[in-house]
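Close look at the chain arrangement
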Amino acid sequence: MKVMEWNTLICDKRVATDKFKEPQEWKDHPIDEFEKDYKNIISNSAFRRLQDKTQVFPLDKSDFVRTRLTHSIEVSTIANQLWHMIYNGIKEGKYIKDNFKKFKMEELEPEKVTNILMCSGLLHDLGNPPFGHFGEVVIGDWFKQKFEDKTFKFKDQKVSELFKNEKNFNQLGNDLIHFEGNAQALRILLKCYDLKETNHLNLTYSVINTLVKYPTSSEQIDKDHDNIKFHKNGYFYSEFEALKKVASKTETFSNEQFVRHPLTYILEAADDIAYATADLEDAFKKELFTLDELLDFYKQIIEKPEEYFKKDNSHFDDSKIQKTIDLFDYLKNNIKAKNRTKETDLALFNEWIKFARGWLMYVCTYRFIKNYEEIMTGNYTKDLFFDTFHALSIKVLKKAMDRFAFHSNDILKLELSAQTIINFLMDRFIPAVLYYDEKDENFKPSKADQKYIDLISDNYKEDYRNKVKKLNASNNTDAYKLYLRFLLVTDYISGMTDSFAKNLYQELNGIT
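Throughout what follows, the structure given in this document is the object of discussion.

Looking now at the overall build of the protein chain. Scanning the protein chain from terminus to terminus reveals 23 helices and six strands. The buried share of the protein chain, reckoned over its 512 residues, is 54%. Taken as a whole, the protein chain presents about 23,700 Å² of accessible surface, with 47% of it coming from carbon and sulfur.

In structure tokens:
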């Protein structure tokens, strides 16, 4: 692929035309298009609903546990800070190969990139269903079980057989089996693609493109692939043409292949840093572990990292392991120097988290600049922690979350609740939409089905109808329309907050 150029990567054009027309007088005091994106995101209802969606821990009465909203704000801030570190490093020529000086960014306006990254940080979890990432798993597992169920039929034909007769069966079925919040976020933001004019959140191409962490279809997923872009589903088949339009504008689509937008690496790193540090901080505040337990666990890993990361092909040499040991010693030595109480331990842990976060940001800056050429030609295949001094550190922090947080009673109960609630909603709404909008008089929704359909928000049904209107001869099939109806339900359920999903479940079960 040819070298990507910043003047096309930073594209301020939009997918559709906004119905709102700015008064001529406003042009006397203009703001750029990415600042407008930020303003529109903040006031958007889908974004604001993140305040009632679980990040890691169930929402409770305490005010310190992070929600999807506060997590997104942190990711937005870290991405902004990372960009400034990277930009200043490149401008000063740090780590840049002599023959690669053409990639300095003299003509780039850094504040525009700042706004793009802050917008994408706010939006990166927009498509996540209620009850954390486990909600994605429940939706995917529901479809997997149903496709194996012989009684799950459409017009007397097994749904799985119907999909097999469709030329895009692999992706249609896999989109549902591998339901993914990243792809769902893109789906939300590309609603306006089917409209000439829109009142939807109509973002610039660059903000949308930066959000595509995995520019890969569900039929290409390979979690063990050396190229990180193949690890998850990045878009649904229903948004392929719209995404291709976006990527063509930013020139991240070439030879029928998507590549990552360079800013996506920064967004991904910011998300990982926030998750590995801030969420671990929440776990500590919830008293899921003590500093002594963390130190014991930490020590076990750094003594034999190969036993904890057997599936990881990364090689941790002595110098890199030593940096992780230094991080460990920083905490251990400070503990010894204090008269410990619950309050002093919390203060020490918070200080250590800031120290760790600073190092993680430092190594990501190094890796981005060091591999700038590969990133700008679409050939870089790893994350920004890869083969740095703290490649092991980020893994240890994530492993600590798995050890101390994900098996706690609070999270186990949350996941069991999520499974019960989401499965119930899928059991009711998917059968209800099987014949939604069908013209065949022999196959119509029942009166009960129609009541469930009436509960689905009008904007989701409008999006479905707009997509159906644009169907052509090649995709105007029973299978594809059924696929769109299933997505209508996942749109509705994914858009729910934790409280709304729980309350709806109780109301439909007659629980007051």
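Once you've had a look at it, read on.
Looking at the element boundaries, Asp271 is found in helix 12 (residues 262–285). Owing to a relative accessible area of 12%, Asp271 belongs among the buried residues under this scheme. Discounting residues that sit within four places of it in the chain, Asp271 has contacts with His71, Val75, His124 and Lys213.

This part is about the environment of Glu293. Mapped onto the elements of the fold, Glu293 is located in helix 13 (residues 291–303). Leaving out residues up to four positions away in the same chain, Glu293 has contacts with Leu288 and Phe404.

One water molecule sets the probe size; rolling that probe over the atoms shows where empty space is left. By the definition in use, this model includes three cavities of 30 Å³ or more. Lining the largest cavity, in full, are His124, Asn182, Ala185, Leu186, Leu211, Val212, Lys213, Tyr214 and Gly234. When grouped by side-chain class, the residues that make up the lining of the largest cavity number five nonpolar, three polar and one charged.

What follows is about the environment of Tyr205. Following the sequence through the fold, Tyr205 ends up in helix 10 (residues 205–210). When the C-alpha atoms of Tyr205 and Met4 are compared, they prove to be 15 Å apart, with 201 residues separating the residues in sequence. If near-sequence neighbours (up to four positions away) are discounted, Tyr205 is found in contact with Cys11, Lys13, Arg14, Val15, Lys245, Val246, Lys249 and Thr250.

This paragraph deals with the pattern of salt bridges. If you walk through the whole model with that rule in mind, you get 31 salt bridges. Lys342 is paired through a salt bridge with Glu287; the nearest N and O atoms lie 2.4 Å apart. In this pair, Lys342 sits in helix 16 (residues 342–370) while Glu287 sits in the loop between helix 12 and helix 13, placing the two residues 55 residues apart along the sequence. Look at Lys342 and you get exposed, because its relative accessible area is 58%. Note on Glu287: relative accessible area 52%, which makes it exposed. Put simply, Glu438 and Arg485 hold a salt bridge, and the shortest N to O gap is 2.9 Å. A residue pair is termed long-range when its members are at least 10 positions apart, and Glu438 in the loop between helix 19 (409–433) and helix 20 (447–455) and Arg485 in helix 22 (residues 478–494) qualify at 47 residues.

With that settled, consider the layout of surface pockets. In this structure, the second largest pocket occupies an estimated 730 Å³ of space. Along the wall of the second largest pocket there are 27 residues; nearest its centre are Asp18, Phe20, Glu22, Lys36 and Asn40. Secondary structure elements with two or more residues in the lining of the second largest pocket: strand 1 (17–18) and helix 2 (33–42). In terms of residue count, helix 2 provides more of the lining of the second largest pocket than any other element does, four residues in total.

Another point: helix 9 (residues 181–189). For an α-helix, 3.6 residues make a turn, and residues three or four places apart therefore share a direction. In terms of burial, helix 9 is largely enclosed, as eight of its nine residues are buried. Along helix 9, the residues classified as buried are Gly181, Asn182, Ala183, Gln184, Ala185, Leu186, Arg187 and Leu189.

Basis of the calculations
The numbers attached to residues start from 1 for each chain and follow its sequence in the written order. With the structure being a predicted model, the display of local features is reserved for residues of pLDDT at least 70 and the display and counting of side-chain atom pairs for 80 or more, all residues being used for whole-chain, interface and lining totals. With hydrogens and water set aside, each side-chain value is computed from the structure's full complement of heavy atoms. Numbering of helices and strands runs from the N terminus, with a helix taken as a DSSP run of H or I at least four residues long and a strand as a DSSP run of E at least two residues long. For the exposure calls, accessible area comes from a 1.4 Å probe over protein chains only, and a residue counts as buried if that area is under 20% of its type's maximum, exposed if over 50%, partly exposed in between. In these tables, accessible area is a Shrake-Rupley quantity obtained with a 1.4 Å probe, and a residue counts as shielded only by the protein chains included in the view. For this analysis, residues touch if any pair of their heavy atoms sits within 4.5 Å. Each cavity reported here is a set of points on a 1 Å grid over the protein atoms alone in which a 1.4 Å probe fits but cannot get out, each pocket an open set with protein on both sides within 12 Å along at least five of seven lines, and each lining residue one with an atom within 4 Å of a point. Grid points are joined across faces, edges and corners, and a volume is the space filled by probe spheres set on the points. Side-chain classes follow a simple rule in which Ala, Val, Leu, Ile, Met, Phe, Trp, Tyr, Cys and Pro form the nonpolar group, Asp, Glu, Lys and Arg form the charged group, and the remainder, Gly included, forms the polar group. Salt bridges are defined as contacts in which a side-chain nitrogen from Lys or Arg sits within 4 Å of a carboxyl oxygen from Asp or Glu.

Such coordinate-based values are descriptive only and should not be taken to indicate function.
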